[in-house]
Amino acid sequence: MGIWIDISQRLDENVAVWPGDTPFSYKVNWSKVESGSVNVGQINMSLHTGTHIDAPFHFDNDGKRVIDLDLDLYIGNATVIHLPNRTSIGVNELSNLNLQGVTRLLIRTDAWKDRSEFPQTIPHIQPELAAYLSELGVRLIGLDLPSVDPLDSKELSAHHELASHRIHILEGLVLDDIGPGNYKLAALPLPLVEADGSPVRAVLKKLL
Ligand SMILES: Nc1ccccc1C(=O)C[C@H](N)C(=O)O
Ligand SMILES: [Zn+2]
Ligand SMILES: [Zn+2]
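Residues numbered from 1 in each chain as written. Chains lettered and ligands numbered in written order. Predicted model: local features only at pLDDT ≥ 70, side-chain atom pairs only at ≥ 80, totals over all residues. Heavy atoms only, no water.

Break down helix α4 (residues 157-164) for me, citing the residues and quoting the values.
The complete set of buried residues in α4 reads Ala158, His159 and Leu162. Seen along its axis, α4 keeps its buried residues to an arc of 105°; they face one direction. Contacts from the buried residues of α4 go to β4 (52-54), β8 (124-125), α3 (129-136), β9 (140-143) and β10 (168-171). Of the residues one or two after α4, arginine 166 is the one with positive phi, at around 60°. (Buried < 20%, exposed > 50% of the residue type's maximum accessible area, 1.4 Å probe, protein only. Helix = DSSP H or I, 4+ residues; strand = E, 2+ residues; numbered from the N terminus. Arc of directions from axis to C-beta. Contact = heavy atoms within 4.5 Å.)

As structure tokens, this is what we get:
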């Protein structure tokens, strides 16, 4: 029972991209008039646009590519928690929540207010949180933000710490209307063989 709720950003020319990164575009590259039968479209985009997953190759030259990722990470039970008005998210912010046995943790921060513009600052994940989450059994962390690290970070400490604790990353979710609780999540990456990331269609269904 229950309906699937779309928690993905829409992909059109208004979607915000990382400063300097490839803008999103779609065009009919071969029109019905030209082909005689069909419209055939083409998209051009950065793989880190909108709602997407990071493959470890994004920040580690020896890391897994999208095709190597375990699909079980991206389908199954997920817990949503609400942590508004934080400058960063660490063990302190989570210590009063019971997250035992949570495999997929989605954090609603509400910090990215105008999604048509790339944010100036975001609350980042404290790298120390990775060990704590992995101890609880978390394998996927998802956020309503474009990164788990500060936007000007070059070290990407949270990305690396999460990866070294086998926790995968889902970014750019839309959780504005999603209350805390337990859900079913599906957010499958495309079967991109070499890629460092993939757009996903992320959906949730409330569990009773
Ligand atoms: N698309 C980019 C273009 C330029 C520089 C960084 C990025 C990123 O996406 C990195 C970001 N720290 C991330 O969480 O994936
Ligand atoms: Zn990314
Ligand atoms: Zn990232």
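Outline the coordination of the zinc ion (ligand 2), supporting the account with residue identities and numerical values.
Bound to the zinc ion (ligand 2) on the protein side are His48 (ND1), His52 (NE2), Asp54 (OD) and Glu171 (OE), at distances that span 2.1 to 2.3 Å. Read from N- to C-terminus, the donor residues coordinating the zinc ion (ligand 2) fall into the pattern H-x3-H-x1-D-x116-E. The distance between the zinc ion (ligand 2) and the zinc ion (ligand 3) is 3.4 Å, with aspartate 54 acting as a donor to both metals. Accessibility classification places histidine 52 together with aspartate 54 in one group, the buried group. (Donors = N, O, S within 2.8 Å, 3.2 Å for Na, K, Ca; no water.)

Please give an account of the coordination of the zinc ion (ligand 3) that cites residues and values.
Note on the zinc ion (ligand 3): its protein donors are Asp54 (OD), His159 (NE2), Glu171 (OE) and Glu171 (OE). The metal-donor distances range over 2.0 to 2.7 Å. One can describe the site at the zinc ion (ligand 3) as irregular: its six donor atoms subtend angles covering 52 to 158° at the metal. Coordination of the zinc ion (ligand 3) draws on donor residues from a single chain, spaced D-x104-H-x11-E in sequence. (Tetrahedral: all angles 85-135°; square planar, octahedral: opposite > 155°, others 65-115°.)

Could you give me a rundown of the nonpolar core, with the residues and numbers involved?
Counting 28 residues, the largest nonpolar core has Leu94, Leu105, Ile107, Ile125, Leu133 and Ile141 as the members making the most contacts within it. When contributions to this core are tallied by element, the ones reaching two or more residues are β7 (104-108), α3, β9 and α4. Broken down by element, the residue count for this core peaks at four residues, all from α3. Membership of the second largest hydrophobic core comes to 22 residues, among which are Ala55, Leu69, Tyr74 and Leu204. (Core = buried A, V, L, I, M, F, W, Y, C linked by side-chain atoms within 4.5 Å.)

These results come straight from atomic positions and should not be treated as a statement about function.
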